[in-house]
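Structural description and commentary
If you want the building blocks of each chain, they are given just below.
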Amino acid sequence: MSVDVEKFGSRDPRTGEIVGTHPVHGAAEVRAAVTRAVEAAGWWGGLGFAERRRRLTAWRRALVHRLDDLAGTVSAETGKPLDDARLELVLAIDHLDWATRNAQRVLGRRRVGPGLLMSNQAATLAYPPIGVVGVIGPWNYPVFTPMGSIAYALAAGNAVVFKPSELTPGVAVALADTLAEAVDGRPVLQVVTGLADTGAALCRAPGIGKIAFTGSTATGRRVMAACAENLVPVLIECGGKDAMIVDSDADLEAAADAAVWGGMANAGQTCVGVERVYVLEEVADEFTAKVVDKARGLRAGTDFGPMTMTSQAEVVRRHVDDALARGGRAVVGGPESVGESLVEPVVVLDVPEDSCAVTEETFGPLLVVNRVPDVDEAVRRANATAYGLGASVFSAARGEKIAAALRCGMVAINGVISFAGIPALPFGGVGDSGFGRIHGEDGLREFTRPQAVARRRFGAPVVVTSFRRTAWGMKALVGIVRLRHGR
Ligand code: NAD
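In this report, we go over the structure that sits alongside the text. Residue positions are given per chain, counted from 1 along the sequence in the order it is written. Two thresholds apply to this predicted model, a pLDDT of at least 70 for residue-level local features and 80 or more for giving and counting side-chain atom pairs, whereas whole-chain, interface and lining totals are computed over all residues. Each side-chain value is worked out from all heavy atoms of the structure, with water and hydrogens disregarded.

Okay, the overall build of the chain next. Looking only at helices and strands, the chain features 15 helices and 18 strands. For this measure, only C-alpha atoms enter the radius of gyration; the expected value for a globule follows 2.2 Å times N^0.38, where N is the number of residues. A globule of 487 residues ought to have a C-alpha radius of gyration of about 23 Å, and the chain, at 25 Å, matches this closely. The C-alpha extent of the chain, read off along each of the three principal axes, is 85 × 65 × 40 Å. For the chain, with 487 residues in total, the buried portion stands at 55%. The criterion used for residue contact is that any of the two residues' heavy atoms lie within 4.5 Å. Counted over contacts in the chain with a minimum sequence separation of 6, partners at least 24 positions apart contribute 71%. Accessible surface, the chain as shown: approximately 20700 Å² in total, 54% of it carbon and sulfur. When charges are counted, Lys and Arg are positive and Asp and Glu negative, with His and the chain ends excluded. Note that the charge is assigned to NZ on lysines, CZ on arginines, CG on aspartates and CD on glutamates. Taking the average location of the 53 positive side-chain charges in the chain and that of its 54 negative ones, the two points are 15 Å from each other. Put simply, DSSP H or I for four residues or longer makes a helix, DSSP E for two residues or longer makes a strand, and each gets a number counted from the N terminus. Between buried and exposed lies partly exposed: a residue is buried under 20% and exposed over 50% of the maximum accessible area for its type, with that area taken using a 1.4 Å probe on protein chains only. Using the Shrake-Rupley algorithm and a 1.4 Å probe, accessible areas are obtained, with residue cover drawn only from the displayed protein chains.

Below, the structure is given as C-alpha cells:
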C-alpha cells in the first residue's frame, strides 16, 4: 500500500482560517479501507440485532455527550451558527435512535402468507445486510445528511466507509471516533478523506456492496456511471428546487415565517429549502408584506452564515441578475446583497417561470415569490421542474389534496421541512432529485438485500412442478384458478 503524501486543509468560511488538515486518500487507501470493512461487516452483521442495538445505543450516548464539541466542528467547517449545528446533531441523534430501535422489527425474519396454491409451504422473508456500504456526503448538513445513510446502514448490520465532502472532513472523522469504543475499535465505520477522485475510487472499490450518495445532480450522474461498471447499486439523493404553495385560506403569518426560515436558514444551502413560493392572488399582498418584514430583519453573518463554498455566491448573483433582468421586482435586497461570501437575504416577486432563478437550484438566500390565480396553477408550476425533492403547502382546508397532487418525495403541510425530523418518514426525491430513500422503514430496507425462503411443510395434494405431474393434476389446478380468479 502506498503512503499518503498529499494533504488538504479544511477552512472556516467565516475567517478563511485552516481548521484541519486531512490526507487525500488515493485508490489504494480506499481499496484497503473497503477490504477492512468487508471483514468488519462479517463481525458486525453476525452480532445480531440485540447486540448491535446495545452498541449503537452506546454510540448515541457518546454523541450526546460530545454534542457541543461536534457542533463546534460543524460550525467551524461550514460557517453556520452554533445553534444550527446543534439542531442538526439533535436530529441525527434522534434518527440514530429510531433506526437502532426499529431495525429488528423491520428487517428481522417474518412469516408471510404462502397463498392458496402454495398452502403446503411456510414462507418467510428477511432483510439481511448488504455488507459494505459506501456513503458519499455533502457539506451543507455534514452530520444530519450522511447520518441518514450511516445510522440506518449500521443498524441494518452493514459496515460503512464514509467519504465526506472535502469541505467538512473533520466532523466525519469525529463521528467515526465516537463509534470506535462501542465497537471495540473494529473498522465498522471508517472515513476516507479527499476530493472527487477519492469518492470515485470508493464507487469502484472491490467489495463495495452499495453506494449511498448525497450531493449535486451532476455528481450523482458520475457516481451512478462509476457504479454501473460493477453493477453496484446506488441510492441517489440530489438537489431540489422546492416550492411552497400558499392557499387563500392559509395562516399567512405562519406561512411567511416558514417561507423565510425555509428560504434563508443555513444561507439557503438546504436541499429541501424553500426556493420558490406560489401564493394565491387574493392573499399575495398581505403574505408578501409579512415576508418582506421578516426577511429585512435578517443579517448574513448573524442569523445565518456565509456561503460555505464561496463559488456558490456567483450562482446566487447570476440568479438574482437574471430574475431582475427578466422583469422580477426585488422587494428585499438586490444584486448588491451578494457579497464575496456573505449573501444578504433577497426576495424577488413576479419572476418569469423560465428564469434560471426559477428553474435551477440556487442554494442561497434568494426567495422567488410568484402570484397565481388558483391552486391548480400553483400545483402546475410547482411540478414544472426536473427536480422533485420536497415541498410545503399552507392551507387550512386543502392541504392533503394539494400535497397529493405534487410530484415530489416529501411534503410539509402548514410547516416547512418538518418531514425530515420525523424518523419514521422516508426521505428522498424523484426525477433529478434522485431515487431511493433514507430514513424510516424504507431507509432501513435500502441497506439490505431481501431474502425470501419457502419451506415445504407437507406434500402438495396436487404436484405440478415435477416430471411426475399428471394431466389430471394440471386440470385440477386450472380449475381452481378458474374458480378463484376467473369470475
Ligand atoms: P457535490 O456533488 O459537489 O459533492 C458531493 C460529494 O461527492 C462530495 O463528497 C464530493 O467530494 C463527492 N464527489 C465529487 N465528485 C465525485 C465523483 N466523480 N465521484 C464520487 N464522488 C464525488 O455536492 P455538494 O456541493 O457537496 O453538496 C451540495 C448539493 O447536495 C446540493 O445540490 C444539495 O441540494 C445536495 N444535497 C442533497 C440532499 C438530499 O438529501 N437530497 C441533502 C443535502 C445536500
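Moving on to the packing of aromatic side chains. Both the distance between ring centres and the angle between the ring planes are used here to describe each pair of aromatic rings. Here the aromatic set is Phe, Tyr and Trp, taking the six-membered ring for Trp, and pairing holds for ring centres within 6.5 Å; pairs whose planes are under 30 degrees apart are stacked, those over 60 apart are edge-to-face, and all others are tilted. All chains considered together, the criterion is met by 4 aromatic pairs. Measuring from centroid to centroid gives 6.3 Å for Trp98 and Tyr152, while their planes differ by 35 degrees, and the two rings are tilted. Taken together, the positions of Trp98 in helix α3 (residues 82–107) and Tyr152 in helix α4 (residues 144–155) put the pair 54 residues apart, joining distant regions of the chain. When sorted by exposure, Trp98 lands in the same class as Tyr152, which is buried. Both rings, one in Phe419 and one in Phe427, keep their centres 6.3 Å apart while their planes meet at 55 degrees; by these two values the pair is tilted. Here the two residues Phe419 and Phe427 agree in accessibility, since each one is buried. Over the ring of Phe49 we find Arg52; its NZ or CZ atom is 5.0 Å from the centre of that ring. A ring is scored as having a charge over it whenever the NZ atom of a lysine or the CZ atom of an arginine sits within 6 Å of its centre and within 35 degrees of its normal. One residue, Arg445, lies across the ring of Tyr127, its end atom 5.3 Å from the ring centre.

Turning our eyes to something else, we now look at the nonpolar core. Nonpolar cores are built from buried Ala, Val, Leu, Ile, Met, Phe, Trp, Tyr and Cys residues. Side-chain atoms within 4.5 Å join them into one set. In terms of nonpolar packing, the biggest core is built from 145 residues, with Trp59, Met147, Ile211, Phe287 and Val347 touching the most fellow members. Looking at this core, the element that brings in the most residues is helix α1 (residues 27–65), giving 11 residues. Each of two domains, domain 1 (2–238) and domain 2 (243–426), supplies a minimum of three residues to this core. With near-sequence residues (within four places) excluded, Trp59 lies in contact with Leu96, Met147, Ile150, Leu154, Leu175, Thr178, Leu179, Ala182 and Leu189. Each domain's extent was defined by an automatic or database domain assignment.

Now for the site of the ligand. The full set close to the ligand counts 28 residues, and Glu166, Ser216, Thr219, Cys238 and Glu361 are the nearest of them. Identification of polar contacts relies on pairs of N or O atoms within 3.5 Å, with a donor-acceptor requirement for protein atoms, meaning one able to donate a hydrogen and the other able to accept it, and with residues adjacent in sequence counted only if both atoms are side-chain atoms. At a separation of 2.7 Å, a nitrogen atom of the ligand approaches a polar backbone atom of Cys238. Across the complex, the protein chains shield 91% of the 860 Å² of accessible surface that the ligand would expose by itself. For the shell around the ligand, the secondary-structure elements that each account for two or more residues are α6 (196–204), β8 (210–214) and α7 (217–228). Its residues assigned to classes, the shell around the ligand shows 13 nonpolar, 10 polar and 5 charged. What makes a residue near a molecule or strand is one non-hydrogen atom of that residue sitting within 4 Å of it. Classification convention: Asp, Glu, Lys, Arg as charged; Ala, Val, Leu, Ile, Met, Phe, Trp, Tyr, Cys, Pro as nonpolar; all other residues, Gly among them, as polar.

Further remarks concern α6. An α-helical segment advances 3.6 residues per turn. Residues three or four places apart therefore align on the same side. All of the buried residues along α6 are Thr198, Gly199, Ala201, Leu202 and Cys203. Where α6 is buried, its residues meet α1, β5 (132–136), β6 (159–163), β8 and α7.

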